[in-house]
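Given next are the chains, with one letter for each unit.
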Amino acid sequence: MSIPSDIRSLVDELYQVLHDTESQATQGLFALRTAMSLFPENEILMQYFSSITNFEFCVSGVRLQAEHIVANILLDGVPDEDVQKAADYLATLLHMAPESRILIDKVVERLQVLQ
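Residues numbered from 1 in each chain as written. Predicted model: local features only at pLDDT ≥ 70, side-chain atom pairs only at ≥ 80, totals over all residues. Heavy atoms only, no water.

## Digging into the overall build of the protein chain
Short version of the rule: Under the scheme used here, helices are H or I runs from DSSP no shorter than 4 residues and strands are E runs no shorter than 2 residues, and both carry numbers assigned from the N terminus. Our radius of gyration looks at C-alpha atoms and nothing else; its globule reference is 2.2 Å times the residue count to the power 0.38. Three labels apply to residues, based on accessible area from a 1.4 Å probe with only protein chains included: buried if under 20% of the type maximum, exposed if over 50%, partly exposed otherwise in between. For accessible areas, the Shrake-Rupley method is used with a probe of radius 1.4 Å. Any residue's cover is judged against the shown protein chains and nothing else.
A tally of regular secondary structure across the protein chain gives three helices and zero strands. On C-alpha atoms alone, the protein chain measures out to a radius of gyration of 18 Å, which is more than a quarter above the 13 Å that the 2.2 N^0.38 rule sets for 115 residues. Along the first, second and third principal axes, the C-alpha set of the protein chain runs to 60 × 20 × 15 Å. Burial status across the protein chain gives 31% buried among its 115 residues. Surface accessibility of the protein chain: about 7200 Å² in total, with carbon and sulfur atoms responsible for 58%.

## With respect to the environment of Gln16
As a reminder of what qualifies: We define a polar contact as two N or O atoms separated by no more than 3.5 Å, with the added condition that, inside protein, one atom must be a possible hydrogen donor and the other a possible acceptor, whereas residues neighbouring each other in sequence contribute only through side-chain atom pairs.
Tracing the backbone through its elements, the reader meets Gln16 in helix H1 (residues 5-38). The exposure class of Gln16 is partly exposed, given its relative accessible area of 42%. Side chain to side chain, Gln16 and Asp20 meet in a polar contact 2.8 Å long.

## Remarks on the pattern of salt bridges
The criterion, for reference: Salt bridge, as applied in this entry: a Lys or Arg side-chain nitrogen positioned within 4 Å of an Asp or Glu carboxyl oxygen.
The final tally for this structure, using the stated rule, is four salt bridges. Residue Arg63 pairs with Glu22 through a salt bridge whose shortest N-O separation is 3.1 Å. In this pair, Arg63 sits in helix H2 (residues 43-73) while Glu22 sits in helix H1, placing the two residues 41 residues apart along the sequence. A salt bridge links Asp105 to Arg101, with the nearest nitrogen and oxygen atoms 3.4 Å apart. Placement of the pair is Asp105 and Arg101 together in helix H3 (residues 80-114), with a separation of four residues, close to one helical turn.

## Description of the packing of H2 against H3
What counts here: The convention used is that axes are lines fitted to C-alpha atoms, helices contributing only their stretch in contact, and that angles between N-to-C directions extend from 0 to 180 degrees. An angle below 35 degrees is treated as roughly parallel, one above 145 as roughly antiparallel, one from 65 to 115 as roughly perpendicular, and anything else as oblique. In a left-handed crossing the near helix is turned counterclockwise from the far helix by less than a right angle, and in a right-handed crossing that turn is clockwise. By the convention used here, residues are in contact when the closest approach between their heavy atoms is within 4.5 Å. Three classes are used, and their members are as follows: Ala, Val, Leu, Ile, Met, Phe, Trp, Tyr, Cys and Pro are nonpolar, Asp, Glu, Lys and Arg are charged, and the others, Gly among them, are polar.
Their axes nearest at 10 Å, the elements H2 and H3 cross at an angle of 160°. For the element pair H2 / H3, the angle class is roughly antiparallel. In the packing of H2 onto H3, the handedness of the crossing is left-handed. Listed contacts from H3 to Leu45, Tyr48, Ile52, Phe55, Val62, Gln65, Ala66, Ile69 and Ile73 of H2 are Val83, Ala86, Tyr89, Leu90, Leu93, Ser100, Leu103, Ile104, Val107, Arg110, Leu111 and Leu114. For the contact of H2 with H3, the per-class residue count stands at 18 nonpolar, two polar and one charged.

## Quick word on the environment of Gln27
Take Gln27: it is sitting in helix H1. Separated by 12 residues in sequence, Gln27 and Phe39 have C-alpha atoms that sit 18 Å apart. With residues up to four places along the chain from it excluded, the contact list for Gln27 reads Val108 and Gln112.

## Thoughts on the nonpolar core
Nonpolar side chains in soluble globular proteins tend to end up buried together. So the rule is basically this: In this text, buried Ala, Val, Leu, Ile, Met, Phe, Trp, Tyr and Cys residues form a nonpolar core when linked through side-chain atoms within 4.5 Å.
The biggest cluster of nonpolar side chains holds 19 residues, and the ones touching the most others in it are Ile7, Leu14, Leu18, Ile69, Ile73, Leu90 and Leu93. Among the elements of the structure, H1, H2 and H3 are those that each provide at least two residues to this core. The element that contributes the greatest number of residues to this core is H3, accounting for seven residues. Ignoring any residue separated from it by four or fewer positions in sequence, one finds Ile69 in contact with Ala86, Tyr89, Leu90 and Leu93.

Purely geometric stuff here, so don't read any function into it on its own.
Set out below in structure tokens:
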């Protein structure tokens, strides 16, 4: 069985959002390392580091969930109802992902002010 086109576009969009979020987190970690080299004992910077690495962990988890969902959809004999539930869950993941991105953006903006 192949993935229905509407689900394929949903998965592609989710992967793109996750990739963009990871890229932003990487940029944030780079800026953070620079700031932490100047202020190694700064507790706020440590909190930012924890936040960004948690977001990266979350992104990895969402990507893994999406991969498993896609793999399950591809199995033979999956009822249409289950495929629809999977699509709904993927849509939920897609709507949650930008929230992480927004939080990472805020951290990165604060870090850029320090530079």
